[in-house]
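Residues per chain are reported as follows:
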Amino acid sequence: MPAVAAIAAVSIALAFGAPPDISLERGSNPNAVAPSVLNEGDPFRQLDETLPTPSETRTASGAPGPRYWQQKADFDIQVTLDPKAAELIGNQRVRYHNNSPDELRYLWMQLDQNRFTDNALGERANPAPDLSRPQGIGFMRSIVENREWEGGYRDVLVTSSGATLHTVVVDTMMRIDLPAPLGSGGTFEFDVSWRFKVVKSTVARARSCYELLGEGDPDVKDGDKVKDLAPIYDMAQFYPRMAPYSDVRGWQHKQFLGQGEFALDFGDFTLAVTVPDNWTVGASGELQNEGDVLSAEQRERLSAARNDEKPRFVITPEEAAARRAATPTGTKTWKFVAKNVRDVAFGASPTFIWDAAKAPIPGTDRAALAMSFYPVEAEPLWSRFSTHAVAHTIDSYSRHAYPYPYPVAISVNGPVGGMEYPMISFNGPRPEKDGTYSQGTKLGLIGVVIHEVGHNWFPMIVNSDERQWTWMDEGLNTFCQYLAEQEWEHKYPSGRGEPEKIIEYMTSADQEPIMTNSESVRRLGANAYAKPATALNILRETVLGRELFDYAFLEYCRRWAFKRPEPADFFRTMEDASGVDLDWFWRGWFYSTRPVDIAIEKVTRYTVEPLDPVASKGAKKVERDGRAKTLSEQRNAELAVRVDRFPELVDFYSTFDELEVTAEDRQRFKRIVSQLGDRDGELAQSKLSFTIVRLRNNGGVPSPLPLTLTFADDTTQDVTLPAEIWRFAGGAQASKLIVTDQEIVRVELDRYRETADRDPSDNMFPQEIERSTFAVEPRDRGNGANPMRTAQESTVREATRKSAESLAKRVAEAVKAGRSAGSVLTDVDAKDLKDGWGVSFMVLDGAEQGSGAIAQLISAGPDRAVGGDDDITFIVTSTGDALERAAAGGSRGGRGGGRGRGGARGG
Ligand SMILES: [Zn+2]
């Protein structure tokens, strides 16, 4: 105890001196606090007030509760596709299981095809296009064709046990009034028959439509030449589907407006598709009657494909060509079974090449069959990439989300650019007609297949409500797509996922929070795909780390596979399973539109001031004497001063230096050292370097702070400070003490671009001069359209044409007279040998193969170079005629031919 008292009595304060080299302050006012942070309250306050109250259906941990329930609807569907009328005719039996605790007096079905009637809500609410801008020809087509086309369901009839049921259609929904209330646990069976005209790809943008391959269009009245027409049908949302009835919303009552997709319940399906007998069908589910629709050889190939990870043809390109050219002699019915799915869809066409490969499912001993269906127009791109991309998605998503539960996964090439259904997806990218393709097309295909097949997990397995929250399926899926793309090949240039790619959106004016209803989002791609995907990537890499994140994300998928999660279930599960409070993260990224923008304001380096007065006063002296003299001091150095004239004015203080070490200083030092003892004496004279980094949150979203410290010897160290630093800071400014052995000479924030910081220019201390380049436009300054010059040019051109013609006639005469073409040049005045642009005409002698020309006369045109489209060329024929040749292309061939035979150059 006494020893402690003795030390306390010394009461030395360790003084810290800061050398001025890196403590330069930036211009900002350290007392000002960004208004966005304080106006919206504590960014760390809990979400309890925002999230729904937990219940026995959905627990506070984010899991389904002990009383969780969901409805089930089983379907037996038969459809016939009539390609002549472009009509789909169907009937279906529905077994609706009421698993809810509630009694139901009516059911709601979704009639999505009614989105294409003229008086559909989505159609009438559609805002006008911007006609002050040019529109594509597709726009005109769709306007004109749409005026004659009639979409929507017709002849819808609902019966049960032979009796017609009363129904009421409200836009894209239909209420079925039950003959008797359906109690909890009860099942109601009924039949629905219907027909509708399938949307043509040129009429409207639709998730389900058909296209005509080949040339021309029989529906266009101006008599396009029609050749080799062959249809592809991408069929989805084609049958009346049950609206979901849930613990959260009761009956889903949001109409299909086009942007918000689907909300559905699970069920078991049988699907029978009748098509002309030369057609091929790929659908959700397992094919039940291979023997009826495939040849023995094709069935053998299909079973071989089940054991080979390299794609094999089931229908070869040659067979597809033959089917395409064939005339159907009847129909065939393709039968499928799909269990525990929320929907079914199919692709049908006589053009399909079909390949398949085994896709092992990680975490199980099962394998799925990955397949692609595509016309020859998709080759050679599709046979190389599509099925591999399907299998790769199964591999990657099964590891990051949930083992793929279904037997098949399909990618179909047709008119739909990218759309997803259970076990089947429609993907658009095709190569050029000559089979070459751009990098964008290649990556577009791989990316879209991963994305659309990836939707099997979100929302086909983890059954979130797309009509309410687009981000819950698109955002989570785009995040997993990013992971899968990065596992496809190194440096795969993913369009979404890297933090720096979201900065433009997060600083733009047209934002809503991610937590916004699907139909109310303006920039859907940025809001519902890219931003949540990026947020999850940051959560994984920077906030939680891969281990914690992956565990929690897998747990979310496990808990909610084949169930219906809401946003709160996701937020709560990610916190519950990772053990990390993330309310600030959801609040900043999902409930606000604020950007991330952190600045390093100031860095100050401290060292312990030496106790030894020789060292401490010496250091202060060095610092003082090292400073530059003030301007006046410099100018006054030679100034005559009074004490020079009166030396008696010089006394003790005239030469006294307060930084000289005094005897008293030395005695005090001795006393302190003896009182401190060895251990504390050492501490008090520590050589550690103390650095205080002051940061400012200009964006408002709390962000972790990944710092890279550079030391005097040029080595570096990465340190990440948690976002909670902003909680303790209680405002827009935070500071952190970093203690190191070596002096820190540089501090860099977010070096690895992991936080989506909007302004990296203030992320470095000391700041650096930014380097850039600017381009010098090599062309003259344009003055826009110049009709005067155009008119002059055409006058000159006409004059040149005339003189070329008369010269060509003289060449023709010379040739007729048996002289060489070039000989005419010596006969003509030098001034007549120049064209309107001052360049001599060129005369080429000799016959040109196949053209009948034996000589040519060429003006190089305004570009003064032979070979461009502006040349004026006359050819002289063996019969002695001079004929003008059409400008484009012709002059090129002529030039090559003439030179090759050593034609004479005139002038
Ligand atoms: Zn999507």
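Residues numbered from 1 in each chain as written. Predicted model: local features only at pLDDT ≥ 70, side-chain atom pairs only at ≥ 80, totals over all residues. Heavy atoms only, no water.

## A look at the overall build of the chain
Check the secondary structure of the chain and you find 25 helices and 36 strands. In summary, the chain has a C-alpha radius of gyration of 40 Å against a globular reference of 29 Å for 907 residues, an excess of more than 25%. Along the three orthogonal principal directions, the C-alpha set of the chain runs to about 125 × 105 × 50 Å. For the chain, buried positions account for 48% of its 907 residues. Sequence-distant contacts in the chain: of pairs separated by 6 or more residues, those separated by 24 or more amount to 73%. Approximately 43,700 Å² of the chain is accessible, and the part contributed by carbon and sulfur atoms is 51%. Between the averaged position of the 106 positive side-chain charges in the chain and that of its 131 negative side-chain charges there is a distance of 3 Å. (Helix = DSSP H or I, 4+ residues; strand = E, 2+ residues; numbered from the N terminus. Rg over C-alpha atoms; globule rule 2.2 N^0.38 Å. Buried < 20%, exposed > 50% of the residue type's maximum accessible area, 1.4 Å probe, protein only. Contact = heavy atoms within 4.5 Å. Areas by Shrake-Rupley, 256 points an atom, 1.4 Å probe, with all protein chains shown as cover. Lys, Arg positive; Asp, Glu negative; His and termini not counted. Charge placed at Lys NZ, Arg CZ, Asp CG, Glu CD.)

## A word on the packing of aromatic side chains
Throughout the structure, instances matching the rule amount to 50 aromatic pairs. Between Y421 and F426, the aromatic rings sit 5.8 Å apart at their centres with planes inclined by 50°, giving tilted as the arrangement. Across the pair, exposure class does not vary: Y421 and F426 are buried alike. The ring of F262 has R241 lying over it, and the distance from NZ or CZ to the ring centre is 4.4 Å. (Phe/Tyr/Trp six-rings, centres within 6.5 Å; stacked < 30°, edge-to-face > 60°. Lys NZ or Arg CZ within 6 Å of the ring centre and 35° of its normal.)

## Considering the side chain of N98
Mapped onto the fold, N98 is located in the loop between β3 (87-97) and β4 (104-110). A polar side-chain atom of N98 sits 2.7 Å from a polar atom in the side chain of S100. Contact partners of N98, with chain neighbours within four places excluded, come to Q71, L104, L182, G183, S184, G185 and G186. (Polar contact = N/O pair within 3.5 Å; in protein donor to acceptor, adjacent residues only side chain to side chain.)

## Some remarks on the packing of helix α14 (residues 546-560) against helix α15 (residues 567-578)
Viewed as axis vectors pointing N to C, α14 and α15 meet at an angle of 130°, and their least axial separation amounts to 8 Å. Comparing their axes, α15 and α14 come out oblique. Viewed along their axes, α14 and α15 form a crossing whose handedness is right-handed. Here L548, F549, Y551, A552, F553, E555, Y556, R559 and W560 of α14 come into contact with α15, specifically with D569, F570, T573, M574, D576, A577 and S578. The class makeup of the residues in the contact of α14 with α15 is 10 nonpolar, two polar and four charged. (Axes fitted to C-alpha atoms, helices over the stretch in contact; angles between N-to-C directions. Parallel < 35°, antiparallel > 145°, perpendicular 65-115°, else oblique. Left-handed = near helix turned anticlockwise from the far one by under 90°. Nonpolar A, V, L, I, M, F, W, Y, C, P; charged D, E, K, R; others polar.)

## Brief notes about the pairing of strand β5 (residues 153-160)
The pairing of β5 with strand β9 (residues 187-197) spans five bridges and is antiparallel. Bridging from a neighbouring strand, Y153 pairs with F196 of β9. Bridge analysis of β5 against strand β6 (residues 163-164) gives two bridges, and the strand direction is antiparallel. Bridge pairing links S160 to A163 in β6. (Pairing = 2+ DSSP bridges.)

## Let's talk about the packing of helix α11 (residues 470-486) against α14
Viewed as axis vectors pointing N to C, α11 and α14 meet at an angle of 135°, and their least axial separation amounts to 14 Å. Between α11 and α14, the angle is such that the two are oblique. Handedness of the crossing formed by α11 with α14: left-handed. Residue-level inspection shows M472, L476, F479 and C480 of α11 in contact with α14, the latter providing F549, F553 and Y556. Here the contact of α11 with α14 is composed, by residue class, of seven nonpolar, no polar and no charged.

## A word on the coordination of the zinc ion
All of the protein donors around the zinc ion are H451 (NE2), H455 (NE2), E474 (OE) and E474 (OE); their distances to the metal are 1.9 to 2.5 Å. Relative to the metal, the four donor atoms surrounding the zinc ion lie at angles of 56 to 153°, and the coordination shape comes out irregular. In primary sequence terms, the donor set of the zinc ion follows H-x3-H-x18-E. Pair noted here: H455 is in the loop between α9 (439-454) and α10 (456-461) and E474 is in helix α11, with a separation of 19 residues, a long-range link. The exposure classification of H455 matches that of E474, with both residues buried. (Donors = N, O, S within 2.8 Å, 3.2 Å for Na, K, Ca; no water. Tetrahedral: all angles 85-135°; square planar, octahedral: opposite > 155°, others 65-115°.)

## Digging into the pairing of strand β2 (residues 72-82)
Two elements, β2 and β3, share 11 bridges in a ladder whose sense is antiparallel. Looking at the pairing, L81 lines up with L88 of β3. The antiparallel hairpin formed by β2 and β3 contains four residues in its connecting segment, where A86 sits at a positive phi of about 50°. Examined bridge by bridge, β2 and strand β15 (residues 267-276) share six bridges and lie parallel to one another. Considered in β15, the bridge of I77 is made with L271.

## Overview of the sheet that holds strand β22 (residues 367-374)
On the basis of which strands lie adjacent, the open sheet formed by six strands has the order β18-β21-β22-β23-β25-β24 and mixed pairing. Sheet topology places β18 (312-315) and β24 (418-421) at the edges, where each strand pairs with a single neighbour. Taken pair by pair, the neighbouring strands of this sheet meet at an average axis angle of 20°, ignoring direction. Strand direction decides the pairing type here: β18 and strand β21 (residues 353-360), joined by three bridges, are antiparallel. Bridge assignment links R312 to a residue of β21, and that residue is A356. Across the sheet, helix α8 (residues 381-400) is in contact with β18, β21, β22, β23 (408-413) and β25 (424-427); its angle to β22 comes to roughly 150°.

## Regarding helix α17 (residues 613-626)
With 14 residues, α17 extends 19 Å from end C-alpha to end C-alpha; this agrees with the ideal 20 Å at 1.5 Å per step. What α17 keeps buried is the set P613, S616 and K617. Projected onto a plane normal to the axis of α17, the buried residues spread over an arc of 90° and lie on a single side. Turned more than 90 degrees from where α17 packs its buried face, V622, D625 and G626 sit exposed. Capping the start of α17, D612 holds a side-chain oxygen 2.9 Å from the backbone nitrogen of V614, two or three residues further along. (Expected span 1.5 Å × (residues − 1). Arc of directions from axis to C-beta.)

## Thoughts on the sheet that holds strand β32 (residues 764-765)
Strand order in the open sheet formed by four strands is β29-β28-β31-β32, with antiparallel pairing between adjacent strands. Each edge of the open sheet is held by one strand with a lone partner, namely β29 (716-721) and β32. In this structure, strand β28 (residues 705-711) lies alongside β29, joined through six bridges in antiparallel fashion. Across the sheet, L705 pairs through a bridge with L721, a residue of β29.

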